[in-house]
Amino acid sequence: MKKHTIAPKRWWYIMPIVFITYSLAYLDRANFSFASAAGINEDLGITRGMSSLLGALFFLGYFFFQIPGAIYAERRSVKKLVFVCLILWGICASLTGMVSNIPMLAAIRFVLGVVEAAVMPAMLIYISNWFTKSERSRANTFLILGNPVTVLWMSVVSGYLIEAYGWREMFIIEGFPAVIWAVAWWFLVQDKPSQAKWLSNQEKADLQAQLQKEQEGIKAVRNYGEAFKSRNVILLCMQYFTWSIGVYGFVLWLPSILRNGMEMGMVQAGWLSAVPYLAATIAMLVVSWASDKLQNRKLFVWPLLLVGALAFLGSWLVGADNFWLSFTLLVIAGAAMYAPYGPFFAIIPEMLPRNVAGGAMALINSMGALGSFLGSWVVGYLNGATGSPSASYIFMAASLLISVCLTLIVKPADNKQPPVPHGAKHA
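Residues numbered from 1 in each chain as written. Predicted model: local features only at pLDDT ≥ 70, side-chain atom pairs only at ≥ 80, totals over all residues. Heavy atoms only, no water.

1. A closer look at the overall build of the protein chain
Working step 1: Secondary structure assignment for the protein chain yields 20 helices and 0 strands.
Working step 2: By the compact-globule yardstick of 22 Å for 427 residues, the protein chain fits well, its C-alpha radius of gyration being 21 Å.
Working step 3: Its C-alpha atoms give the protein chain principal-axis dimensions of roughly 60 × 45 × 40 Å.
Working step 4: Each of the 427 residues in the protein chain was classed as buried or not, and the buried ones make up 60%.
Working step 5: The long-range fraction of contacts in the protein chain, counting pairs at least 24 apart against all pairs at least 6 apart in sequence, stands at 84%.
Working step 6: Accessible surface, the protein chain: about 16600 Å² in total, of which carbon and sulfur atoms supply 68%.
Working step 7: Taken as two groups, the 31 positive and 20 negative side-chain charges of the protein chain have centres that lie 11 Å from each other. (Helix = DSSP H or I, 4+ residues; strand = E, 2+ residues; numbered from the N terminus. Rg over C-alpha atoms; globule rule 2.2 N^0.38 Å. Buried < 20%, exposed > 50% of the residue type's maximum accessible area, 1.4 Å probe, protein only. Contact = heavy atoms within 4.5 Å. Areas by Shrake-Rupley, 256 points an atom, 1.4 Å probe, with all protein chains shown as cover. Lys, Arg positive; Asp, Glu negative; His and termini not counted. Charge placed at Lys NZ, Arg CZ, Asp CG, Glu CD.)

Here is the structure:
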C-alpha cells in the first residue's frame with residue numbers, strides 16, 4: 001500500500017526558500033575563483049602561493065563557527081540566525097570588491113567564512129524539523145542543489161560581469177541579492193510546523209506524530225560530548241574531510257585549470273565551468289530519489305566518490321595535451337562528487353536523536369570546511385608551483401579514495417534500537 005504524503009504543500013513552500021538561501025551563500029563564496037582567473041592577483045600584487053591561501057581562508061572562518069551556530073539554531077531559532085547571516089555575508093561579499101590591499105582581502109575572506117558558517121547546519125536542522133525520514137534525502141538535495149546550480153549560472157554571469165565591468169564590480173553586484181533576500185526570508189519562514197499558518201491543524205498533528213515516531217526508534221544520546229565521541233560520528237568527520245578536499249580543490253580552481261589548458265576568455269571559461277555543475281544537478285536529483293526509495297544511504301555515497309577518484313586519475317593520465325577528453329573526465333568527476341550529498345546528510349538524523357543531531361551535523365560539516373581549506377589551498381599551491389594541474393589531480397583522487405574507504409566502514413544501523421516499524425529498511 002502506497003504511503004500517504006503528509007502536507008505535500010511543504011515541498012512547494014519550503015524548498016524554494018531553502019534553495020534560494022543556500023544559493024546566495026554559495027554565490028558569495030565561489031565567485032572568488034573567477035576573480036582569481038580574471039586579474040585580482042595582478043591588481044593587488046598577490047603571489048600564486050598567497051592566492052591559494054586567500055582562496056582557502058574562507059574555510060578557516062567557516063570551520064570555527066559551525067558548532068556555535070548549530071547549537072543556537074537547534075535551541076533557539078533558525079529564522080533569526082539565518083536572517084542576520086544573510087545581511088552580514090551580503091555586505092562582506094560586496095566589500096570584497098572595494099579592497100585595496102592583501103590584509104583587507106584576507107580579513108574579509110575570513111569574516112565571510114564566519115558569517116556563512118552557521119547556514120549549512122542551520123538549514124539541515126530546519127529540514128529535519130519539517131521533513132520525515134522517507135523524504136529527507138530529497139529535501140537535503142534541494143538544499144545542496146543551491147551549490148551546483150548557483151555555480152552553473154554564476155559561472156556564466158560572473159564571466160560576463162568581469163568582461164563588461166571587472167572583478168571589483170562583480171563582487172559588489174553579486175553581494176546585493178543576499179541583503180534583499182534577508183527581508184523576504186524574515187516574512188516567509190517559520191521555525192517549526194506548529195507555527196505555520198498555511199498548514200491545517202490536522203496536517204500539523206500528523207507531521208508531528210510521524211517525526212516523533214521516528215525518534216522513538218533511535219538510541220538515546222545524553223549530550224553533545226557523547227555524540228561527538230561516537231565511532232560513526234568520528235568516521236563521518238574523517239570521511240567528509242577527505243571528500244571536501246576533492247570538491248573544493250575542484251570548485252575554487254576549475255576556471256584557472258581551464259584557462260591553463262587552453263587559450264580562452266573569461267566568458268568561454270564561464271560557460272565551460274558551468275558544464276560539470278549541470279551534470280552534478282542531474283546526478284544529485286536522481287541519486288537522492290533512489291536513496292529515499294531504497295532507504296539505503298551508503299550505497300549512494302561510496303560508489304560515486306570512487307567514480308570521482310577514477311575520473312581525476314583519468315584526467316592525470318590523459319594529460320594537458322588532450323584538453324577535451326580531460327575536460328570530459330572533469331565533468332564526470334564534478335558530477336560524481338556532488339551526487340551523494342543528499343543521502344550523506346540524511347545519515348545523521350537517522351543515527352542520532354534530535355537533541356544532538358544538529359550539533360553532530362555541524363561538527364561533520366566543520367571538518368568538511370577544514371578539508372575544503374586544505375583542498376583549496378593545496379590545489380592552488382600545486383597548480384602554481386608546477387604550472388600544471390597534474391599533481392593536483394593525483395592529490396584530489398587520493399583524497400576521494402580515502403573517503404571511499406571510510407564510508408565503507410561506517411555502520412549507521414548499529415546505532416538503532418528497535419527497527420523502524422512498517423518494514424522500512426535500515427540506512
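And the narrative resumes.
2. With respect to a nonpolar patch on the surface
Working step 1: Among the surface-exposed residues, I91, L95, M98 and V179 lie close enough to one another that they form a single nonpolar patch of about 320 Å² accessible area.
Working step 2: Inspection of the secondary structure puts I91 in helix α6 (residues 78–96).
Working step 3: Since its relative accessible area comes to 42%, I91 is described here as partly exposed. (Patch = residues over 30% accessible without salt bridge, like charges linked within 9 Å, V, L, I, M, F, W, Y side chains within 5 Å. Salt bridge = Lys/Arg side-chain N within 4 Å of Asp/Glu carboxyl O.)

3. Some details on the environment of F228
Working step 1: Within the secondary structure, F228 is located in helix α13 (residues 224–228).
Working step 2: Taking relative accessible area as the criterion, F228 reaches 22% and is therefore assigned partly exposed.
Working step 3: On a C-alpha basis, the gap between F228 and I364 in space is 9.4 Å, while along the polypeptide they are 136 residues apart.
Working step 4: Beyond its immediate stretch of four places on either side in the chain, F228 contacts I67, V233, I234, G359, A360 and L363.

4. A short note on the nonpolar core
Working step 1: With 123 residues, the main nonpolar core has W89, F312 and L352 as its most contacted residues.
Working step 2: In terms of residues, this core owes the most to one element, helix α14 (residues 231–261), which gives 11 residues.
Working step 3: Setting aside chain neighbours within four positions, we find F312 in contact with G246, F250, L330, A333, M337, Y393, M396, A397 and L400. (Core = buried A, V, L, I, M, F, W, Y, C linked by side-chain atoms within 4.5 Å.)

5. Overview of empty space enclosed by the protein
Working step 1: The full count for this structure, using the stated rule, is 4 cavities of 30 Å³ or more.
Working step 2: Estimates place the volume of the second largest cavity at around 100 Å³.
Working step 3: Lining the second largest cavity are 15 residues, with Y22, Y62, Y240, Y248 and N365 positioned closest to its centre.
Working step 4: Sorting the residues of the lining of the second largest cavity by element identifies α1 (9–30), α4 (48–64), α14 and α19 (354–386) as the ones contributing at least two each.
Working step 5: Of the residues forming the lining of the second largest cavity, the biggest block, 4 residues, is contributed by α19. (1 Å grid on protein atoms, 1.4 Å probe; cavity = no way out; pocket = protein on both sides within 12 Å on 5 of 7 lines; lining within 4 Å. Points joined across faces, edges and corners; volume = space filled by probe spheres on them.)

6. Quick look at the packing of helix α8 (residues 119–130) against α19
Working step 1: Two numbers describe how α8 lies on α19: the axes approach to 9 Å, and their chain directions differ by 145°. Relative to α19, the crossing made by α8 is right-handed. Contact with α8, carried on its side by M120, P121, L124, I125, S128 and N129, involves R354, G358, M361, A362 and N365 of α19 and no other residues of that element.
Working step 2: Each residue belonging to the contact of α8 with α19 can be placed in one class, and the counts come to 6 nonpolar, 4 polar and 1 charged. (Axes fitted to C-alpha atoms, helices over the stretch in contact; angles between N-to-C directions. Left-handed = near helix turned anticlockwise from the far one by under 90°. Nonpolar A, V, L, I, M, F, W, Y, C, P; charged D, E, K, R; others polar.)

7. Some points on the side chain of Q190
Working step 1: With respect to the element layout, Q190 can be found in the loop between α11 (167–188) and α12 (201–216).
Working step 2: Setting aside its immediate chain neighbours within four residues, Q190 contacts Y13, Y126, W130, Q195, A196 and W198.

8. Observations concerning the state of the cysteines
Working step 1: Under the definition given, this model contains 0 disulfides.
Working step 2: The closest cysteine sulfur to the non-disulfide-bonded C85 is located on C92, 10 Å from its own sulfur.
Working step 3: A disulfide-free cysteine, C405 has its sulfur positioned 18 Å from the sulfur of C237, the nearest such atom. (Disulfide = S-S within 2.5 Å.)

9. A look at the packing of aromatic side chains
Working step 1: The final tally for this structure, using the stated rule, is 24 aromatic pairs.
Working step 2: Look at Y126 and W185: their rings are 6.2 Å apart centre to centre, the planes differ by 50°, and that puts the pair in the tilted class. Within this pair, whereas Y126 is found in helix α8, its partner W185 is found in helix α11, the two being separated by 59 residues in sequence.
Working step 3: With a centroid separation of 6.2 Å and an interplanar angle of 25°, the aromatic rings of F312 and Y393 are classed as stacked. Placement of F312 in helix α16 (residues 302–318) and of Y393 in helix α20 (residues 390–408) is noted, with a sequence separation of 81 residues between them. Here F312 and Y393 have matching classes, each one buried.
Working step 4: Note that K79 overlies the ring of W186, its terminal NZ or CZ placed 4.6 Å from the centroid. (Phe/Tyr/Trp six-rings, centres within 6.5 Å; stacked < 30°, edge-to-face > 60°. Lys NZ or Arg CZ within 6 Å of the ring centre and 35° of its normal.)

10. Remarks on the packing of α16 against α20
Two measures define how a pair of helices packs: the angle their axes make with one another and the distance between the axes.
Working step 1: The N-to-C vectors of α16 and α20 enclose an angle of 160°; their axes lie 8 Å apart at closest approach. In terms of axis orientation, α16 runs roughly antiparallel to α20. Both α16 and α20 take part in a crossing whose hand is left-handed. Within the contact between the two elements, α16 uses W302, L305, L306, G308, A309, F312, L313, S315 and W316 and α20 uses S390, Y393, I394, M396, A397, L400, L401, S403, V404, T407 and L408.
Working step 2: In the contact of α16 with α20, the residues fall into 15 nonpolar, 5 polar and no charged. (Parallel < 35°, antiparallel > 145°, perpendicular 65-115°, else oblique.)

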